[in-house]
There are 2 protein chains.
Amino acid sequence: MTLEVALVLVGDELLGGTRQDANGPWLANRLTRAGARVTSWTLAGDGVAEAARAVGVAAEYADVVIVSGGLGPTDDDGTRAALAVAGGVELVEDDEALDLVRAAQRARGSELDARRRLEARLPRGATCLANPEGTAPGIAMRLGRSTLFALPGVPREMQAMFDTAVLPRLGDLGDLDPASTASLRTSGLREPDIQDALAGLDGGGVALGLYPHQGEQEIRFTARGEGAEERVEAAAAEARRRLGAAVYGNVPIEEAVVGALKARGLVGTTAESLTGGLVARMLTEVPGASDVFRGGWVVYSDAWKAARLGVPERLLAERGAVSKEVARAMAEGALERAEADLAVSLTGIAGPGGGAAPDGTLIPQGTFYVGFARAGVRTRVEHHRAPHSRTIVRRRAAVRALDVLRRALDGNG
Amino acid sequence: MTLEVALVLVGDELLGGTRQDANGPWLANRLTRAGARVTSWTLAGDGVAEAARAVGVAAEYADVVIVSGGLGPTDDDGTRAALAVAGGVELVEDDEALDLVRAAQRARGSELDARRRLEARLPRGATCLANPEGTAPGIAMRLGRSTLFALPGVPREMQAMFDTAVLPRLGDLGDLDPASTASLRTSGLREPDIQDALAGLDGGGVALGLYPHQGEQEIRFTARGEGAEERVEAAAAEARRRLGAAVYGNVPIEEAVVGALKARGLVGTTAESLTGGLVARMLTEVPGASDVFRGGWVVYSDAWKAARLGVPERLLAERGAVSKEVARAMAEGALERAEADLAVSLTGIAGPGGGAAPDGTLIPQGTFYVGFARAGVRTRVEHHRAPHSRTIVRRRAAVRALDVLRRALDGNG
């Protein structure tokens, strides 16, 4: 039986839905990769009774219970008391924990006060876990049939303590069955089309999952047991064969583009209307982007398109800014003015609401054009429509523009 | 006693930590605003036994249990069976549910097949809830001392069913105690400084929460009961008085800037190195930004700073791109070239790793300069350091630049 782990995340702020919990996903991901099975994940309020109940329930069925949060020195921090209640024992000051708290305070130039000293109190019979990144020690104890670990709620402290004090002990507490995984990304394909293309690939001991990343789709292959790595590799290779140019390695598309530009010693530039700088921002998010991206334009108004990129005013008046012709002129104007090998342009309507062409035709929200210019090659323009909200239209359009670059660099453009 | 609600979110994909659950936060937020108290929130796997256990535990203490997910027609969808197990009853086909499923399929141009027909099976004694946005009906039933509602997992369907079939019934199931809330945002203050400044404001029946939003801090005031609204308003007004120009209304800073520019009929422009288009992207994320932002430059290399904005090459060679002088020249060059009233510039080192000035001095990672130029006013440059990772440095710097604009527009710059 694979080791079963239950997570209990403590904190009133998590329950109101105003703060997204980050510790749960991090722990679940780490545990799953290590080969444990996360069977439930409970958010509980700060109240001692609530946390005690959540911990008690988890300890009835899970091999390991991991609690996060509520170990600090303030009145909100009720996890120590909750563990004592759940275990039916009292809280006692622990010498080793006291030494840890005192040393951590000293390292911060503070003396131990009465409040901080509370952090050294553990349920009787529990042992403490050192906190490499903060003051409050963690707690390890038996509860029912489970082994329980209580970790701080501050992500940095929680992560360090998990990696040093919990992860190495999991193998002794039950069977771990680590998964082999492989991932690919695609852009520009709809989920049902990907599913159709990959039909039959899940099965034979390989599970296939699709995870959307705002305009990109991650395809993840997972297998366990004998020969898992080979099975996963074979499935991923077959998926690459079937999806062809639509698929790339498991990195965000902006990293794929920066990598491909570097590999070919080329420089790209951007001319953005619709996306207002998003494509440039994505490219420059990648460390080392300065080798392949020197700058770009945000040309939000007609006047800027004309003044910065030389888009003919006649074209803007006759065709309108959201047109194939203007997208082409933007890309060509950018390529001419930048010291660059490739240029992409974006113009469109993010909304809310649609727009009108100079001839009065309605242009629906989400309409956009991607221009792509390259010296010595005929400029291409793609027309798309993403019937979504403003933010999503912009994000999808930026990913489309990056995908045009990526495919051109891969020789499939 | 305020109505207590437990959430149970069903789906294997939620447990591995690879997909963030969006239904929990939405439900918790909605319920909290309606005046219910969300006491726990459990993620459970698809397995019937697991979901049944989670539901059974929740029904032991909560007044209302809301289950989301697992109502579809595939083999993964085990919620119907889990509810039957938890209630100790069998699943039976429900006439009303069958009518709903048949009508929904017909509206999609499909006939009812055997698989879809499974969606009409309910635990004996339960009633169905119409699905305004999809096929699978929801379920309402008594379980232990609780009233249980099972909703679909697709957010659009879940939200519509919650609003039409669950929310109106909550008042009959227990006491609701809706909260009055007010929010302010600040930027550029550290959390401990905000806490010091607001000391004593929480208490007197007003709870105060601080929620970080990547470089901005939201300060939220919450109160319940008699006179809650007045208490919340008084606390927010006092916070405004104490924090002065550091505080603005409860909108993201880019919205505050676009709003202030509109109110004053002014146009801004951007010259970005460090942030690579992030400031322009943030401004243009706001609908209607085209009234106050016509375009901007991403000048990532020295050559672009010189060619586009006229930054003297001598300055770049002598002072280096990451310098007060270059930040000033960028802002002034942008203002001169754009048809704009205000210009902000950003130059710095996002990392990974630091850089070196022309004289060999080390410039630590996270160092950045914000320039601010305005016709007829002496250009100002702020020097900052954000000792964080690349993405966070860039985000913090963008928020600082927007805050410089905001303060200037508020007359406190």
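In what follows, the structure referred to is the one given above.
**Student:** Would you take a moment to explain the overall build of chain A for this structure?
**Tutor:** Helices and strands together make up the secondary structure of chain A, namely 15 helices and 19 strands. What you see for chain A is a C-alpha radius of gyration of 28 Å, clearly larger than the 22 Å of a compact globule of 413 residues, by over 25%. Taken over the C-alpha atoms alone, chain A extends approximately 80 × 50 × 40 Å along its principal axes. Going through the 413 residues of chain A one by one, you find that 55% of them count as buried.

**Student:** What's the story with the sheet that holds strand β12 (residues 247-248) of chain A in this structure? I'm lost.
**Tutor:** Strand-to-strand pairing in sheets goes through backbone hydrogen bonds, with the strands running parallel or antiparallel. Residue and element names in this part refer to chain A. One open sheet accounts for four strands, arranged β10-β11-β9-β12; its pairing is antiparallel. If you trace the sheet from one side to the other, it starts and ends with β10 (207-213) and β12, each paired once. Where strand β9 (residues 180-187) meets β12, two bridges bridge the pair, whose relative direction is antiparallel. Looking across to β12, one finds that Thr 186 is bridged to Val 247. Contacts from helix α9 (residues 228-243) reach β9, β11 (216-223) and β12, with the element oriented near 15 degrees to β9.

**Student:** Is there a simple way to explain the relation of the copies chain B and chain A in this structure?
**Tutor:** Note: a rotation about an axis with an accompanying shift along it relates these two copies of the chain. With an axial shift of 0.3 Å and an RMSD of 0.4 Å, the rotation relating chain B to chain A amounts to 180 degrees. In short, the pair behaves as if placed about a two-fold rotation axis. Taken as a fraction of all interface residues of chain B, those also at the interface in chain A reach 100%, which identifies the copy contact as same-surface.

**Student:** Just to check I follow, could you spell out the packing of helix α12 (residues 302-309) of chain B against helix α14 (residues 324-337) of chain B for this structure?
**Tutor:** Angle between the axes and distance between the axes: these two values describe a pair of packed helices. Residues and elements named next belong to chain B. Running from amino to carboxyl end, α12 crosses α14 at an angle of 35 degrees, the nearest separation of the two axes being 9 Å. Regarding α12 and α14, the two cross each other, and that crossing is left-handed. Counting all contacts with α12, which are made through Lys 305, Arg 308 and Leu 309, the residues of α14 involved are Val 326, Ala 329, Met 330, Gly 333, Ala 334 and Arg 337. Class assignment for the residues of the contact of α12 with α14 results in five nonpolar, one polar and three charged.

**Student:** Please explain the environment of A:Gly225 as it appears in this structure.
**Tutor:** All names here are of chain A. On the secondary structure map, Gly 225 appears in the loop between β11 and α9. Judged by relative accessible area, Gly 225 falls into the partly exposed class, the value being 45%. Apart from the residues lying within four places of it in its own chain, the contact partners of Gly 225 are Asp 177 and Arg 231.

**Student:** Which parts of the structure should I look at to understand helix α4 (residues 79-87) of chain B?
**Tutor:** Structural remark: α-helix, 3.6 residues per turn; residues separated by three or four positions point the same way. Turning to α4(B), its buried residues number three or more, namely B:Thr79, B:Arg80, B:Ala82, B:Leu83 and B:Ala84. Looking at the residues trailing α4(B), positive phi occurs at B:Gly88, about 65 degrees.

**Student:** Got a minute to help me understand the sheet that holds strand β12 (residues 247-248) of chain B in this structure?
**Tutor:** Residue and element names in this part refer to chain B. Strand order in the open sheet formed by four strands is β10-β11-β9-β12, with antiparallel pairing between adjacent strands. Strands at the two margins of the open sheet, each flanked by one partner only, are β10 (207-213) and β12. In terms of strand pairing, strand β9 (residues 180-187) meets strand β11 (residues 216-223) through eight bridges, oriented antiparallel. Each bridged residue has a counterpart across the sheet, and for Arg 185 the counterpart in β11 is Glu 218.

**Student:** What exactly am I supposed to notice about empty space enclosed by the protein here?
**Tutor:** The gaps of empty space that remain are located by a probe, the size of a water molecule, rolled over the atoms. Going through the model one piece at a time under the given rule, you end up with two cavities of 30 Å³ or more. Considered as a void within the structure, the largest cavity measures approximately 200 Å³ in volume. Around the largest cavity, the lining is made up of 18 residues, and of these A:Thr42, A:Val57, B:Thr42, B:Ala54 and B:Val57 lie nearest the centre. Going through the elements one at a time, β2 (37-44) and α3 (48-61) of chain A together with β2 (37-44) and α3 (48-61) of chain B are the ones with two or more residues in the lining of the largest cavity. The class makeup of the residues in the lining of the largest cavity is nine nonpolar, five polar and four charged. Looking at the second largest cavity, its volume works out to about 130 Å³. Taken together, 12 residues form the lining of the second largest cavity, with A:Asp21, A:Trp41, B:Asp21, B:Trp41 and B:Leu43 sitting closest to its centre. In terms of residue class, the lining of the second largest cavity is made up of seven nonpolar, two polar and three charged.

**Student:** Can you help me understand the side chain of A:Thr42 in this one?
**Tutor:** Following the sequence through the fold, A:Thr42 ends up in strand β2. If we ignore the near neighbours within four places in the chain, the residues touching A:Thr42 are A:Leu7, A:Val8, A:Leu9, A:Ala54, B:Ser40, B:Trp41 and B:Thr42.

**Student:** I'm lost on the packing of aromatic side chains in this one. Help?
**Tutor:** Any aromatic ring pair is given by two values, namely how distant the centres are and how the planes are angled relative to each other. All told, the structure shown has six aromatic pairs over all chains when counted by the stated rule. Centroid distance A:Trp297 to B:Trp304: 4.8 Å. Interplanar angle 55 degrees. Geometry classified as tilted. Of the two residues, A:Trp297 is situated in strand β14 (residues 293-299) and B:Trp304 in helix α12; the pairing between them involves two chains. Take B:Trp304: its relative accessible area is 2%, and that puts it in the buried class. Between the NZ or CZ atom of A:Arg53 and the centre of the ring of B:Tyr61, over which it lies, the distance is 3.4 Å.

**Student:** Explain α14(B) to me, please; I cannot follow it from the model alone.
**Tutor:** For α14(B), built from 14 residues, the straight-helix expectation of 20 Å at 1.5 Å per residue is met to within 8% by its first-to-last C-alpha distance of 20 Å. All of the buried residues in α14(B) are B:Val326, B:Ala327, B:Ala329, B:Met330, B:Ala331, B:Gly333, B:Ala334 and B:Leu335.

**Student:** Got a minute to help me understand the interface of chain B and chain A in this structure?
**Tutor:** A common way to express how large an interface is: the accessible area buried when the components associate. The interface of chain B with chain A comprises 60 residues on the first partner and 60 residues on the second. When chain B packs against chain A, close to 5,000 Å² is buried across both sides, 53% of that on carbon and sulfur atoms. For the pair chain B and chain A, the number of links is six salt bridges. Between the two partners, chain B and chain A, sit 32 residue pairs in polar contact (both at pLDDT 80 or more). Here the element with the most residues in the side of chain B that touches chain A is β2(B); it accounts for eight residues. For the side of chain B that touches chain A, the residue count by class is 26 nonpolar, 20 polar and 14 charged.

**Student:** Can you help me understand the pattern of salt bridges in this one?
**Tutor:** Side-chain pairs of opposite charge can arise whenever the charged atoms involved come near each other. Residue and element names in this part refer to chain A. Taken as a whole and assessed by the stated rule, the structure comprises 49 salt bridges over all chains. A salt bridge links Lys 262 to Asp 291; the nearest nitrogen and oxygen atoms lie 3.9 Å apart. In this pair, Lys 262 is assigned in helix α10 (residues 253-264) and Asp 291 in the loop between α11 (278-285) and β14, connecting sequence segments 29 residues apart. Asp 291 gets classed as partly exposed once you look at its relative accessible area, which sits at 47%. Each of the salt bridges in this network shares a partner with another, and the network as a whole consists of Arg 264, Arg 400, Asp 403, Arg 406, Arg 407 and Asp 410.

The rules behind these values
- Residues numbered from 1 in each chain as written.
- Chains lettered and ligands numbered in written order.
- Predicted model: local features only at pLDDT ≥ 70, side-chain atom pairs only at ≥ 80, totals over all residues.
- Heavy atoms only, no water.
- Helix = DSSP H or I, 4+ residues; strand = E, 2+ residues; numbered from the N terminus.
- Rg over C-alpha atoms; globule rule 2.2 N^0.38 Å.
- Buried < 20%, exposed > 50% of the residue type's maximum accessible area, 1.4 Å probe, protein only.
- Pairing = 2+ DSSP bridges.
- Contact = heavy atoms within 4.5 Å.
- Axes fitted to C-alpha atoms, helices over the stretch in contact; angles between N-to-C directions.
- Least-squares fit on C-alpha atoms with pLDDT ≥ 70 in both.
- Left-handed = near helix turned anticlockwise from the far one by under 90°.
- Nonpolar A, V, L, I, M, F, W, Y, C, P; charged D, E, K, R; others polar.
- 1 Å grid on protein atoms, 1.4 Å probe; cavity = no way out; pocket = protein on both sides within 12 Å on 5 of 7 lines; lining within 4 Å.
- Points joined across faces, edges and corners; volume = space filled by probe spheres on them.
- Phe/Tyr/Trp six-rings, centres within 6.5 Å; stacked < 30°, edge-to-face > 60°.
- Lys NZ or Arg CZ within 6 Å of the ring centre and 35° of its normal.
- Expected span 1.5 Å × (residues − 1).
- Buried area = accessible area lost by both parts, 1.4 Å probe.
- Salt bridge = Lys/Arg side-chain N within 4 Å of Asp/Glu carboxyl O.
- Polar contact = N/O pair within 3.5 Å; in protein donor to acceptor, adjacent residues only side chain to side chain.

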